[in-house]
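Single-letter residue listing:
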Amino acid sequence: MMQFKLFFRKEMLEMGRSYKWLWVPLVFLMLGVMQPVMTRFMPEILKSAGNMPKGMTITIAPPSGAEVLAQTLGQYSSIGILILVLSVMTMISGERQSGVSQMIFAKPVSYVSYAAAKWASMLSLVTASFALGYGGAWYYTVQIIGAVEAGAVVKAGLFYLLWLWFAGALTLLVSSLLDPAPGIAFVSLGAALLLSMASGWLPRYTVYSPGSLPQISAQWLEPAGEAKGAVGAALLCLACIFIFFAAAVYRIKLRYSKG
Amino acid sequence: MTRELLQVKGLSKRFKDREVVKGISFSIAEGSCAALIGPNGAGKTTTIRMLAGLLQPSGGSVVLLAEGRPVADPRPYIGYLPQMPVFYPWMTGAEFLLYSGELAGLTRREATRETGKWLDAVGLRDAGKRRIGGYSGGMKQRLGLAQALIHRPRLLILDEPVSALDPAGRKDVLTLLQRIRLETTVLFSTHVLHDAEEICDEILMMREGEIVLQGSLDHLRRTYSEPVIRLEVGGDEVSRAWLAAAGGKDFVVQSEISGGRAKLRVADVERAALELMADAVSRRVTIRTLEAGQSTLEDLFLKAVRS
């Protein structure tokens, strides 16, 4: 426990000094706020674009607040995941490659605390960034588009957060397996993308897949939304995060210990 | 102080189909300073990494004894400095020492005290407040020593501690080591024999994954040194020709001749010196130097490595 605190403090300090605590939340906030603002001002933006034929009129049905929030989540599914993967991908592989971890593991330290601190700091970064961005999106949606039912927003947000946790945990696992950073980014992004696409193509086989979490959270936001398989998917996702953690601990141990 | 601290038995390491360390055995006594010498690729780093617990041996055992009893986890008793120490460039030297002290099990207060002490000891008192990213190679090596020693280990294991340093940095580290070895048992690897002679009393010579020679420095000097005559003659034709022929005399066991210099291993150094001089005078050869003495460890090292 003592060592976990030390490792965790070090991870937090590192994320602070490398400005991750600044730019990741900022990007998430920007992504979140952009969607309602863009939607609200879309007619004006189109008008001022200037290359429209004369006399053309565009009528855009004003979307509901819930729809705008669902679109925001769509933004996080692409750029949000990319930022997340890029910001945590070298957390384990970087220390292994540079050789710092040699000095760390020659000391009487526990591999579980080491990995747990990585996981905990990744989860804090993701949670804080998403909470800030999603909160911003919610605030602006209510201000300029229309009210949304709070229960649905919170539920959708929690399920989406679970999906981001999954993506982060997956990235850390790959980081413990592979050395080159581009390889880590490619594998984790590819796997996350495949999972979420698979639940679009084969909904029958992927009811409980973590990849269906983004859809589930969008469903919560639909009027009278009821998401199928939500609890199952959430539980399976948490189980996956735990398995990824255990696998990474095993992997780190295998590389260094007398095991 | 002849209690054993580390016992290594039949230690081996195999990477795929290549055996890098081939079942070596040795022991290190408490309070001694041992050098693991060998050419590049002899398996020194692999051995060191197994001793530090960073690499799982393919066979054999490494046992560390504390108060005469074997310990289950040797890591609290070992300080380790890798070949090219890498730190977190965004940390300051003091922060890193504090961090490694606490990781090794010191309380916050102890770690703070030891950090100040070791920063002074390795001459980084002012630099300790700066980020490690801006440190020179020598400073990193000294910081590496401090982090290895902060928890007062019984055995300090260093992998090529001075090989990558310039002469000044090297002298700093060697001076430090000389002080440290008074309090701690030290094992370090090097391919520079001179460094080993300067601070060590035990030698382990490795070649191609095997220990080819081991023993105390004095013992090795006594047992393996051979009578040698070093000769240097003038640059004229006659002298050169005479020197080239000198290698063929009956008392010469082995000869190395290059240009105007020769190193002759002989059976009886007194007789050889007399005969050589008499011969040289009679043929009007100009001798610049003639030294009758013993072969150095360097010669022994080269012989062990090449044979």
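As recorded in an unreviewed UniProt entry, chain B goes by the name ABC transporter ATP-binding protein YxlF, listed as coming from Paenibacillus cookii. Under the heading Sequence similarities (unreviewed entry), UniProt records this for chain B: "Belongs to the ABC transporter superfamily."

In the annotation of an unreviewed UniProt entry, chain A is listed under the name ABC transporter permease and assigned to Paenibacillus cookii.

Draft legend 1. Quick peek at unusual backbone geometry. Residue and element names in this part refer to chain B. Even without glycine at this site, Glu208 takes up a positive phi of about 45°. Structurally, Glu208 can be placed in the loop between strand 9 (202–207) and strand 10 (210–216). In this model, Arg284 sits at a positive phi of 60°, which is unusual for a non-glycine residue. Note on placement: Arg284 falls in the loop between helix 9 (269–282) and strand 14 (287–294).

Draft legend 2. View of the UniProt feature "transmembrane region" (unreviewed entry) in chain A. The UniProt record annotates "transmembrane region" (unreviewed entry) at residues 21–38, 73–94, 115–140, 152–174, 181–202 and 230–250 of chain A. The span residues 115–140 of chain A shows a helical share of 100% and a strand share of 0%, and its end C-alpha atoms are spaced 38 Å apart.

Draft legend 3. Up close: the layout of surface pockets. Computed from the structure, the largest pocket encloses a volume of approximately 300 Å³. For the largest pocket, the lining is made up of 15 residues, of which B:Gln254, B:Glu256, B:Arg265, B:Asp299 and B:Lys303 are closest to its centre. Of all the elements in the fold, those that place two or more residues in the lining of the largest pocket are strand 12 (252–258), strand 13 (261–266) and helix 10 (297–306) of chain B. In terms of residues, the lining of the largest pocket owes the most to one element, helix 10 of chain B, which gives five residues. Among the residues forming the lining of the largest pocket, the class breakdown is five nonpolar, three polar and seven charged. Approximately 230 Å³ is the volume attributed to the second largest pocket. Within the residue set of the lining of the second largest pocket, elements represented by two or more residues are helix 3 (65–88), helix 7 (150–177), helix 8 (181–201) and helix 9 (213–221) of chain A. Among the elements that make up the lining of the second largest pocket, the one with the highest residue count is helix 3 of chain A (seven residues).

Draft legend 4. Structural view of the sheet that holds strand 6 (residues 78–81) of chain B. Residue and element names in this part refer to chain B. Strand order in the open sheet formed by six strands is 6-7-8-3-9-10, and the pairing between neighbours is mixed. Taken across any chain shown, the strands that pair with only one partner, and hence form the sheet edges, are strand 6 and strand 10. Pairwise comparison of adjacent strand axes, ignoring direction, gives a mean angle of 15° for this sheet. Of the pairings in the sheet, the one linking strand 9 to strand 10 comprises six bridges and is antiparallel in character. Directly across from Ile203, in strand 10, lies its bridge partner Gly215. Against the sheet, helix 1 (residues 44–51) touches strand 3 (33–37), strand 6, strand 7 (155–159), strand 8 (185–190) and strand 9, its axis set at about 150° to strand 7.

Draft legend 5. Quick look at the interface of chain B and chain A. Every contact between the two is made by 28 residues of chain B and, on the other side, 27 residues of chain A. Taking both partners together, chain B and chain A bury about 2,700 Å²; carbon and sulfur atoms supply 59% of that area. For chain B, the biggest contributors to the area lost against chain A are B:Arg75, B:Trp90 and B:Leu103; these three give 27% of the whole. Inspection of the chain B/chain A interface yields two salt bridges. Among the salt bridges present, the one from A:Arg17 reaches B:Glu95, with a minimum N-O distance of 2.8 Å. In this assembly, chain B and chain A are joined by twelve residue pairs in polar contact (both at pLDDT 80 or more). Contributions of two or more residues to the side of chain B that touches chain A are made by helix 1 and helix 2 (93–103) of chain B. In the side of chain B that touches chain A, the residues fall into 16 nonpolar, six polar and six charged.

Draft legend 6. Focus on the sheet that holds strand 12 of chain B. All names here are of chain B. Judged by pairing direction, the sheet is antiparallel, and its four strands sit side by side in the order 12-13-11-14 without closing on themselves. If you trace the sheet from one side to the other, it starts and ends with strand 12 and strand 14, each paired once. Strand after strand, the sheet turns through a mean of 15° between neighbouring axes, direction not considered. Taken together, the five bridges between strand 11 (residues 227–233) and strand 13 define a ladder with antiparallel strand orientation. Across the sheet, the residue bridging to Glu232 is Arg261, located in strand 13. Most of the contacts of helix 8 (residues 237–246) go to strand 11, to which it runs at about 165°, and overall it touches strand 11, strand 12 and strand 13. Strands strand 11, strand 13 and strand 14 of the sheet are contacted by helix 9, whose axis makes an angle of about 20° with strand 11.

Draft legend 7. The domain arrangement of chain B, seen in detail. Residues and elements named next belong to chain B. Partitioning chain B into domains gives domain 1 (4–222) and domain 2 (226–306). Summarising the inter-unit geometry, the C-alpha centres of domain 1 and domain 2 are found 40 Å apart. With 13 residues of domain 1 in contact, the opposing surface of domain 2 contributes six residues. For the pairing of domain 1 and domain 2, the buried interface totals around 830 Å² over both sides, and the portion due to carbon and sulfur atoms is 82%. Of all residues in domain 1, the largest losses of buried area upon contact with domain 2 belong to Leu193, Met205 and Arg207, amounting jointly to 48% of the total for that side. Linking domain 1 with domain 2 are zero salt bridges, by the criterion used here. The tally of links from domain 1 across to domain 2 stands at zero residue pairs in polar contact (both at pLDDT 80 or more). Residue assignment for the side of domain 1 that touches domain 2 shows that the elements contributing at least two residues are helix 6 (193–199), strand 9, strand 10 and helix 7 (217–224). Looking at the side of domain 1 that touches domain 2 element by element, the count peaks at three residues for helix 7. Of the residues contributing to the side of domain 1 that touches domain 2, the split by class is eight nonpolar, two polar and three charged.

Draft legend 8. Structural view of the confidence of the model for chain B. Across chain B, the average pLDDT comes to 87, with 99% of residues at 70 or higher. Here helix 10 of chain B is the element of chain B with the lowest mean pLDDT, 74, and helix 2 of chain B is the one with the highest, 94.

Draft legend 9. How the structure looks around the side chain of A:Arg96. Mapping A:Arg96 onto the fold places it in helix 4 (residues 93–98). A distance of 2.7 Å separates the side chain of A:Arg96 from the backbone oxygen of A:Leu178, its partner in a polar contact.

Here is what the cut-offs are and how they apply
Residues numbered from 1 in each chain as written. Chains lettered and ligands numbered in written order. Predicted model: local features only at pLDDT ≥ 70, side-chain atom pairs only at ≥ 80, totals over all residues. Heavy atoms only, no water. UniProt positions renumbered as here; feature names shortened; annotations may be inferred. Helix = DSSP H or I, 4+ residues; strand = E, 2+ residues; numbered from the N terminus. 1 Å grid on protein atoms, 1.4 Å probe; cavity = no way out; pocket = protein on both sides within 12 Å on 5 of 7 lines; lining within 4 Å. Points joined across faces, edges and corners; volume = space filled by probe spheres on them. Nonpolar A, V, L, I, M, F, W, Y, C, P; charged D, E, K, R; others polar. Pairing = 2+ DSSP bridges. Axes fitted to C-alpha atoms, helices over the stretch in contact; angles between N-to-C directions. Contact = heavy atoms within 4.5 Å. Buried area = accessible area lost by both parts, 1.4 Å probe. Salt bridge = Lys/Arg side-chain N within 4 Å of Asp/Glu carboxyl O. Polar contact = N/O pair within 3.5 Å; in protein donor to acceptor, adjacent residues only side chain to side chain. Domains from an automatic or database assignment. pLDDT = per-residue confidence, 0-100.

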